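# Examination of the molecular architecture
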Amino acid sequence: MSRMRRVPAKHGWLWIVHGWRLFARKPLSSILFTLIVCGATQAGGVHPLLTLMAVILLPGLLAGWALACAAAQRGESVPVSLLFEGLRRRFGELAALGGFNLAANVLVLVIVTGLGGEPVRELLSNPGAMNDTRLAEAQGRLLQALFLGLLVAVPVSMAVWFSPLGVLLGGVRPARALLDSLLGMARNWPAFTVYGLVWTLVGVAVFRAALLALPPMGALGVAIWVSMPVFVPSVYASYRDIFDPPPPVQS
């Protein structure tokens, strides 16, 4: 990666605007990429081995999508093959990021279930069995376990956020990409606060609309995947704004 910038809080909104503009340049490509990534992640639910494969390959697909955003920004064509270009160019390093993310999430799960004990394990495996009385009795232990889990999960998520783009677009090694991502998000927390709030409002609006026709889990899936064609380009826009100053996001 190149030098790291601090940007104003309003850039959190501008990243989304720029993501929308990139989507508008190649809407069919973005929608097709979303369907492919969605299919890959959904296929992971068929078998545990497919789940592992999906988690390990996902950073490569997201890096390829960012490469497609760069091509769209330059006014070039965006073939479907670009989605897999990251895996072709730097498979081992991008797969290592997926392995790191998988191991970190397993660690978070171990922390939460270990500290939360039987109530957490029951809540994860059979939430319907937890009545209000049992939930109230275990509340303190549950909150402690979730808090400590978040202490690990939040910095891990921050480190993983930009790392696929750092490896493929920035040309750095996975460990450096993880560190740069963590520092880049930490130094620009005001912009990411705005960014997160806007996406939360969008997600809630889509979720509530989808609830009119779907059960809660189905509506949640719709809220996630409907946002994806603009969300990934907005991540690319934020990466360029923070790590690659020319050209910054413009108002």
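Quick note: structure is the one above.
Since the model is a prediction, treat every value here as computed from it, not as a measurement.

This brings us to the side chain of arginine 240. Note that arginine 240 resides in helix H10 (residues 216–243). Overall, the relative accessible area of 14% leaves arginine 240 in the buried class. Side chain to side chain, arginine 240 and glutamine 73 meet in a polar contact 3.0 Å long.

With that out of the way, let us pick up helix H9 (residues 189–210). Taking 1.5 Å per residue, 22 residues should reach 32 Å; H9 reaches 31 Å between its end C-alpha atoms and fits that length. For H9, every residue scored as buried is listed here: Ala191, Phe192, Tyr195, Val198, Trp199, Gly203 and Ala210. Buried positions in H9, seen along its axis, are confined to an arc of 135° and lie on one side of it. Across from the buried face of H9, at angles greater than 90 degrees, the exposed residues are Trp189, Leu197, Leu201 and Arg208.

A few words now on the packing of aromatic side chains. For any pair of aromatic rings, the description rests on two quantities: the centre-to-centre distance and the angle between the ring planes. Counted according to the given criterion, the structure contains 13 aromatic pairs. Note on tryptophan 20 and phenylalanine 23: the rings are 5.2 Å apart at their centroids and 45° apart in plane angle, and the pair reads as tilted. Note that tryptophan 20 and phenylalanine 23 are positioned in helix H1 (residues 11–25) at a spacing of 3 residues, about one turn of the helix. Ring centres of tryptophan 161 and phenylalanine 231 lie 5.7 Å apart, and the angle between their planes is 85°; this geometry places the pair in the edge-to-face category. Pair noted here: tryptophan 161 is in helix H6 (residues 139–161) and phenylalanine 231 is in helix H10, with a separation of 70 residues, a long-range link. By relative accessible area, tryptophan 161 is classed as partly exposed at 29%. A connected cluster of aromatic rings, assembled from ring pairs, spans Trp15, Trp161, Phe162, Phe192, Tyr195, Trp199, Phe231, Tyr239 and Phe243.

This next bit is on the environment of arginine 176. Turning to its location among the elements, arginine 176 is positioned in helix H8 (residues 174–187). We classify arginine 176 as partly exposed; its relative accessible area is 43%. Measuring from C-alpha to C-alpha, the distance between arginine 176 and serine 163 comes to 8.4 Å, with 13 residues separating the pair along the chain.

Moving on, we come to helix H2 (residues 27–43). The end-to-end C-alpha distance of H2, which contains 17 residues, comes to 24 Å, matching closely the 24 Å that a straight helix rising 1.5 Å per residue would cover. What H2 keeps buried is the set Ser29, Ser30, Phe33, Thr34, Val37 and Cys38. For H2, the arc enclosing every buried residue in end-on projection is 165°, short of the 170-degree limit, so these residues lie on one face. Projecting away from the buried face of H2 at angles above 90 degrees are the exposed residues Leu28, Leu35 and Gln42. Among the structural elements, H1, helix H3 (48–73) and H10 are those in contact with the buried residues of H2.

Before going further, it helps to spend a moment on the pattern of salt bridges. Tallied over the full model, the rule gives 7 salt bridges. Residue aspartate 241 is joined to arginine 5 by a salt bridge in which the shortest nitrogen-to-oxygen separation is 3.1 Å. With a gap of 236 residues between them, aspartate 241 in helix H10 and arginine 5 in the segment before H1 connect regions that are remote in the sequence. Each of Glu85, Arg88 and Arg89 takes part in salt bridges that share partners, so that together they form one network.

Reading the values: the criteria
- Residues numbered from 1 in each chain as written.
- Predicted model: local features only at pLDDT ≥ 70, side-chain atom pairs only at ≥ 80, totals over all residues.
- Heavy atoms only, no water.
- Helix = DSSP H or I, 4+ residues; strand = E, 2+ residues; numbered from the N terminus.
- Buried < 20%, exposed > 50% of the residue type's maximum accessible area, 1.4 Å probe, protein only.
- Polar contact = N/O pair within 3.5 Å; in protein donor to acceptor, adjacent residues only side chain to side chain.
- Expected span 1.5 Å × (residues − 1).
- Arc of directions from axis to C-beta.
- Phe/Tyr/Trp six-rings, centres within 6.5 Å; stacked < 30°, edge-to-face > 60°.
- Contact = heavy atoms within 4.5 Å.
- Salt bridge = Lys/Arg side-chain N within 4 Å of Asp/Glu carboxyl O.

By themselves, these observations are geometric and do not establish any function.
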